[in-house]
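Breakdown of the fold
Here are the chains, one letter per residue:
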Amino acid sequence: MANVSHTRGDITSHPDVSEMQARYARMLGGRDVALVDGPVFLLGLYCAVSPWILHYTTSQPALVPHNLIVGIAIGLLALGFTRAPERMYGLSWAMSALGVWMIVSPWIVGSNPDKGVILNNVIIGGLAVLMGLVCAGTAARSTPKP
């Protein structure tokens with residue numbers, strides 16, 4: 001059996017060390033907000049099904065497809081953040097915009113919304129704005145400066 005313990009050394013002398021470091025940095029690029037991707041997806045999922053969970057499909061019929069579409073959009077943003085973070089984190093501002101829209105939508109899309117509908121959409125919207133700002137801030141911080 002060969003004794004390889006004495007051959008271990010510092011990798012800095014490897015001829016491809018700069019290429020390996022660059023590849024490692026590319027692979028980890030944008031993963032600072034990996035903990036936000038899951039909650040963003042769950043928020044989109046909840047937004048999409050919230051009319052059925054809170055039973056306002058009959059009292060606010062216009063908000064049903066609205067919340068479904070906005071929830072799907074938030075969920076797709078989360079999947080994009082997970083799949084291609086270096087390309088998608090520029091769209092984190094769009095998630096914040098969707099959050100602001102969710103906050104005001106009960107009065108614009110709905111008709112005489114009750115307290116539960118308002119509270120539901122304001123909480124979803126506030127969380128979307130907050131998560132969008134976290135994603136945008138982290139993306140701005142992790143983007144290499146020229």
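Here the structure is shown first, and the text comes after it.
Residues numbered from 1 in each chain as written. Predicted model: local features only at pLDDT ≥ 70, side-chain atom pairs only at ≥ 80, totals over all residues. Heavy atoms only, no water.

**Considering the overall build of the protein**
We apply this condition: By the criteria applied, helices consist of DSSP H or I runs no shorter than four residues and strands consist of E runs no shorter than two, each listed in order from the N terminus. Using a 1.4 Å probe, the Shrake-Rupley method yields the accessible areas, and only the shown protein chains count as cover for residues.
A tally of helices and strands in the protein yields six helices and zero strands. Shown N-terminal to C-terminal, the secondary structure of the protein runs as helices and strands in the order α-α-α-α-α-α. Here the protein has roughly 9300 Å² of accessible surface; of this, 68% comes from carbon and sulfur atoms.

**Some details on the packing of helix α3 (residues 63–83) against helix α5 (residues 92–108)**
Here is the rule we go by: As a rule, the C-alpha atoms of each element are fitted with a line to give its axis, helices using only the stretch in contact, and angles between N-to-C directions run from 0 to 180 degrees. Angle categories are assigned with fixed cut-offs, so that under 35 degrees is roughly parallel, over 145 is roughly antiparallel, 65 to 115 is roughly perpendicular, and the rest are oblique. Crossing handedness is read from the near helix: turned anticlockwise from the far helix by less than a right angle, it gives a left-handed crossing, and turned clockwise, a right-handed one. Whether two residues touch is decided by their heavy atoms; if any such pair falls within 4.5 Å, the residues are in contact. Ten residue types, Ala, Val, Leu, Ile, Met, Phe, Trp, Tyr, Cys and Pro, are classed as nonpolar, four, Asp, Glu, Lys and Arg, as charged, and the remainder, Gly among them, as polar.
With their axes 11 Å apart at the nearest point, α3 and α5 run at an angle of 165° to one another. By the criterion of interaxial angle, the relationship of α3 to α5 is roughly antiparallel. Our pair here, α3 against α5, has a crossing hand that is left-handed. The segment α3 lies against α5, with L63, H66, N67, V70, A73, I74, L77 and F81 engaging S92, M95, L98, W101, M102, S105 and P106. Class assignment for the residues of the contact of α3 with α5 results in 11 nonpolar, four polar and no charged.

**Section: a nonpolar patch on the surface**
The condition is simple: Two distance rules govern patches: like charges are joined within 9 Å, and nonpolar side chains (Val, Leu, Ile, Met, Phe, Trp, Tyr) within 5 Å, applied only to residues with over 30% relative accessible area and no salt bridge. Any Lys or Arg side-chain nitrogen found within 4 Å of a carboxyl oxygen on Asp or Glu counts as a salt bridge.
Among the surface-exposed residues, F41, L42, L45, V49, W52, I53, L54, L68, I69, I72, L76 and L79 lie close enough to one another that they form a single nonpolar patch of about 1100 Å² accessible area. Taken together, the elements giving at least two residues each to the nonpolar patch come down to α2 (34–53) and α3. In terms of residue count, the dominant contributor to the nonpolar patch is α2 (six residues).

**Observations concerning unusual backbone geometry**
Threshold: Exposed residues in this analysis have more than 50% of their type's maximum accessible area, buried residues have under 20%, and partly exposed residues fall in between, with area computed by a 1.4 Å probe over protein chains only.
The phi torsion at H55 lies on the positive side, around 55°, for a residue other than glycine. With relative accessibility at 65%, the residue H55 sits in the exposed group. Phi at N112 takes a positive value of approximately 50°, unusual for a residue other than glycine. Tracing the sequence through the fold places N112 in the loop between α5 and α6 (115–142).

**Quick notes on the nonpolar core**
Side chains of a nonpolar character, in soluble globular proteins, are inclined to be buried together. Basically, it comes down to this: Among the buried residues, those of types Ala, Val, Leu, Ile, Met, Phe, Trp, Tyr and Cys that are joined through side-chain atoms within 4.5 Å form a nonpolar core.
Counting residues in each nonpolar core, the largest one holds 17 residues, and the members touching the most others are V40, I74, F81, M95, M131 and C135. Counting residues per element, this core draws most heavily on α3, which supplies five residues.

**Re α5**
Given 3.6 residues per turn, any residue in an α-helix points the same way as the ones three and four places further on. For clarity, the cut-off: Helix span is expected to be 1.5 Å times the residue number reduced by one. Take the seven residues that end at a residue and the seven that start at it, fit an axis to each, and the angle between those axes is the bend at that residue.
With 17 residues, α5 should cover 24 Å at 1.5 Å per step; its first-to-last C-alpha distance of 24 Å lies within 8% of that length. By the largest-angle criterion, M102 marks the main kink of α5, which is about 35°, and a proline, P106, follows within four residues. If you check which residues of α5 are buried, you get S92, M95, S96, G99, M102, S105 and P106.

**Some points on α3**
With 21 residues, α3 extends 30 Å from end C-alpha to end C-alpha; this agrees with the ideal 30 Å at 1.5 Å per step. Buried within α3 are the following residues: L63, V64, H66, N67, V70, G71, I74, G75, L77, A78, G80 and F81.

**Focus on the environment of L63**
Structurally, the position occupied by L63 is in helix α3. When the C-alpha atoms of L63 and I108 are compared, they prove to be 9.7 Å apart, with 45 residues separating the residues in sequence. Setting aside residues up to four positions removed in sequence, L63 forms contacts with P51, Y56, S105, P106, V109, G110, V117 and N121.

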